[in-house]
Amino acid sequence: MVPPPGSTATPNSARSTPPTSAPRSASRSAACSYPSTAALPDSMLHGLDAFAERIAAALAAALDLPADVVRLERPRHDEHGEFAYPCFRIAKERGVNPAQMAQDLAAGLDIDGVGAAAVGPFLNFTIAGTDLAAAVLAASLSDSFGRGSDGRTTLVEYSSPNIAKPMHIGHLRTTVIGAALARMYDFLGHRVVRINHIGDWGSQFGKLLAAWARWGDDDALKADPIGHLLKLYVQFHAEEEQDTGLKDEAKAAFRALESGQECPERALWRRFTELSLGDFETIYQRLGAHFDLVRGESWYEDQLEGLVQWLDECGVLEESDGAQVVDLSSEGIKTPCLVRTGHGTTLYATRDLAAARSRWQEFAFDHCLYVVGAEQTLHFQQFRMVLKRCGSDWWDRIEHIPFGLVRFAEGKLSTRAGRVLRLQEVLDRAVELAREIVEEKNPEHADKQRVAEQVGIGAVVFHDLKHQRQKDVLFDWKEVLSFEGDTGPYLQYTHARCCSILRKSGRPAPSFDEVDSALLQDSRELLVALGRFPAAVREAGDKREPMLVAQALLRLGASANAFYRERRVLGGDDPALENARLAAIDAVRRTLASGLGLLGVPTPEEM
RNA sequence: GCGCCCGUAGCUCAGUCGGAUAGAGCGGCUGAUUCCUAAUCAGCAGGUCGCAGGUUCAAAUCCUGCCGGGCGCACCA
């Protein structure tokens, strides 16, 4: 799974120094309040989508407008129905009273399965109970509930750790967000290519090699590879100030590496890379992340000359203070993009440009997303604009997906100073706590360690994904390790409860044909929560925002818990009712499994 | 100094290209378990949406200024 060094790493590592932070500006194509379904094939119409489309079409006809300009809203309060259309704007354009207009529209509209009512200037739509139950149940019992058949090619670059450094809490965000986005696009029918651009190149490796030559210890390396390499890195930075010889040794070592010749430095570098990748792989397995392409920055080594030459042929290359740069002032960016230093070495941007060009030639992508901390916004703006200046017609398919910094109440962490919070430690502590709780709440469980792993990881992953991507997040053990309230374990618990009920029914879940869905009319809130899942996934994809899926699942979880607390499913005296409720429970179970699966939160059947 | 991001309840956060009484979790207080897992549910208390102007029928949301916090600003990645 992990390619050998030389054909390995790609840049993200360089992408993640210490924890990360702020966002960038290039905004994405935003979805409307309720994403339009007009352009979607029937296969994507699920849940409430079909009603939204019907309403929009009827409204468009009544108003004599194109269907795609009719934007429905989601009312804040249940009593206002499932969809709403405020009449202010249109009424103003047409010089009529909005409330009167709402009333006229309500009186004139006749939509199958949907009631329209005017409340002041608002036109509210409420789906008829039987139609709602039938449509939502049928859709949510389907294996393709929420799936799409988009067909676009989307590359997602994420995680991208640095060789010889432990994955820390900052890597959690890029890994978890990137993996979730990749799964979502796959679910929506994109052709997805997951890329891990590992930081295996650059002058820092000269430092590491120099430090190894001085203080390296083979036994220590074998015992704890990353730990030892980190120690060397820290020691280098502690001593380089007082020891100019050390710096020279580092430069010499990197030159040897860069020469491309086989040499002791290169052999060592390859060994460090292999050890690091092995370490990363264990984390990826725990987080359920995987990659189609693991390419280190070094993979592009032999493309760098050609890249610089290409820039020159495009006529954008300039010399400035001995370095080669691309001026971007015409694009509104004051800082030029540096592609070759005065000493002739290439840089981060050079490697990214080469990588992007290589990916374009290989995949002809529709989108190439970079899930990288917001502090690198300027870098991505520059890099896109260089491609624009070169006259590429695909520069705007490159998109930085920034995310906020992980912050600590106790102050900043620093890799150089050796103060890091290892991702492994975070996961271990979460699992350990989960183990204690399982021990206490379900001492009979057949495989406590396995559930503890699932619940602990689920808590950490969900905690990250329930926040808006680009906001900084405060790392607080109490919150990350919380298993109650709006948390991953809460949803896992809900899923396990559903599984438990289905298990105890002692038979396969009823199929839609066997159910009188009208018996579920009293569970409107649950049906609506289920029915909104497909739109949530679609909008999350459009906005590159996994949080929207997390929020939709929390709403579903809350209504599901209320549902089975208030209503006995099994053992009543009405077999038809039991059947219908069992089907609803199955729909919740399927949807939670599907949604949590997209986020990378495991779904144990018992906990 | 310049640029970008953020500022909603005690805490952590939602709030749909501006729209109807600003929502949820945690914490606090009341209650609920003869019954499918109480990692749960029902309810109460708690908010000048950083401040000041502006645009609009309508502003937490858009514009301007200010305050506070963060990140970035070529030979690192």
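Every value quoted in this text rests on a predicted model; they were computed, and no experiment measured them. Numbering of residues starts from 1 in each chain and follows the order in which that chain's sequence is written. Just so you know, chain letters begin at A and ligand numbers begin at 1, following the order they were written in. Given that the model is predicted, a residue must reach a pLDDT of at least 70 before its local features are reported, and side-chain atom pairs must reach 80 or more before they are shown or counted; all residues, however, enter totals for whole chains, interfaces and linings. Think of the side-chain values as coming from all heavy atoms in the structure, minus any hydrogens and water.

1. Section: the pattern of salt bridges
Any Lys or Arg side-chain nitrogen found within 4 Å of a carboxyl oxygen on Asp or Glu counts as a salt bridge. On inspection of all chains with the given rule, the structure shows 33 salt bridges. Here Asp218 ties to Arg271 by a salt bridge, and the two come within 3.1 Å at their closest N and O atoms. With Asp218 in helix 8 (residues 218-223) and Arg271 in helix 11 (residues 264-287), this pair connects stretches of sequence that are 53 residues apart. Classification of Asp218 as partly exposed rests on a relative accessible area of 31%. Buried residues are those whose accessible area, probed at 1.4 Å on protein chains only, stays under 20% of the maximum for their type, while exposed residues exceed 50% and partly exposed ones sit between those limits. Its relative accessible area of 28% is what places Arg271 among the partly exposed residues. Salt bridges linked by common partners bring Asp143, Asp586, Arg589 and Arg590 together as one network. Only DSSP runs of H or I covering at least 4 residues are called helices, and only runs of E covering at least 2 are called strands; the numbering of each starts at the N terminus.

2. Brief notes about the domain arrangement of chain A
Where each domain begins and ends is defined by an automated method or by a domain database. Here the domain parsing of chain A yields domain 1 (12-26 + 150-408), domain 2 (47-140) and domain 3 (423-599). Using C-alpha coordinates to define each centre, domain 1 is positioned 49 Å away from domain 2.

3. Comments concerning the layout of surface pockets
If you add up the space inside the second largest pocket, you get close to 560 Å³. Grid points spaced at 1 Å over the protein atoms alone were grouped into cavities, where a 1.4 Å probe fits but cannot get out, and pockets, open sets with protein on both sides within 12 Å along at least five of seven lines, with lining residues defined by an atom within 4 Å of a point. Along its surface, the second largest pocket is lined by 20 residues, and Ile437, Lys441, Pro489, Tyr493 and Met607 are the ones closest to its centre. Among the secondary structure elements, those contributing two or more residues to the lining of the second largest pocket are helix 15 (423-441) and helix 18 (488-505). In terms of residue count, helix 18 provides more of the lining of the second largest pocket than any other element does, eight residues in total. Residue classes follow a fixed rule: Ala, Val, Leu, Ile, Met, Phe, Trp, Tyr, Cys and Pro count as nonpolar, while Asp, Glu, Lys and Arg count as charged, and any other residue, Gly among them, counts as polar. Its residues placed into classes, the lining of the second largest pocket shows ten nonpolar, three polar and seven charged. Grid points are joined across faces, edges and corners, and a volume is the space filled by probe spheres set on the points.

4. Let's talk about the sheet that holds strand 2 (residues 114-119)
Sheets are built from strands paired through backbone hydrogen bonds, the pairs being either parallel or antiparallel. Reading across from one edge, 1-3-2 is the order of the three strands in this open sheet, with antiparallel pairing throughout. At either end of the open sheet lies a strand with only one pairing partner, and these are strand 1 (83-86) and strand 2. Taking each pair of neighbouring strands and ignoring which way they run, the sheet shows an average axis angle of 20°. Two strands qualify as a pair provided DSSP detects at least 2 bridges between them. Of the strand pairs in this sheet, strand 1 and strand 3 (residues 122-127) are connected by four bridges, and their pairing is antiparallel. Note that in strand 3 the partner of Tyr85 across the bridge is Leu123. Axis lines are fitted to C-alpha atoms, over the contacting stretch for helices. Their N-to-C directions set the angle, which ranges from 0 to 180 degrees.

5. A look at empty space enclosed by the protein
What the rule picks out here adds up to five cavities of 30 Å³ or more. Size it by volume and the largest cavity reaches roughly 100 Å³. Every residue along the wall of the largest cavity is listed here: Ile169, Leu172, Arg173, Val406, Val460, His463, Asp464, His467, Val473, Leu474, Phe475 and Val480. Counting only elements with at least two residues in the lining of the largest cavity, the list comes to helix 6 (169-187), helix 16 (448-465) and strand 13 (473-475). Each of two domains, domain 1 (12-26 + 150-408) and domain 3 (423-599), supplies a minimum of three residues to the lining of the largest cavity.

6. Topic: unusual backbone geometry
The backbone of Ala164 sits at a positive phi, close to 75°, despite the residue not being glycine. Take Ala164: it is sitting in the loop between strand 4 (153-157) and helix 6. Phi at Asp321 takes a positive value of approximately 50°, unusual for a residue other than glycine. Residue position: Asp321 is located in the loop between strand 7 (317-320) and strand 8 (323-326).

7. Some points on helix 12 (residues 304-313)
Buried within helix 12 we find Leu304, Leu307, Val308, Trp310 and Leu311. Across the axial projection of helix 12, the buried residues extend over an arc of 155°, all falling on one side. Whether two residues touch is decided by their heavy atoms; if any such pair falls within 4.5 Å, the residues are in contact. On its buried side, helix 12 packs onto strand 7, strand 8, strand 9 (337-340), helix 13 (348-363) and helix 14 (377-389). In the stretch just after helix 12, Gly315 is the one whose phi turns positive, near 75°. What the arc measures is the spread of directions leading from the helix axis to the C-beta atoms.

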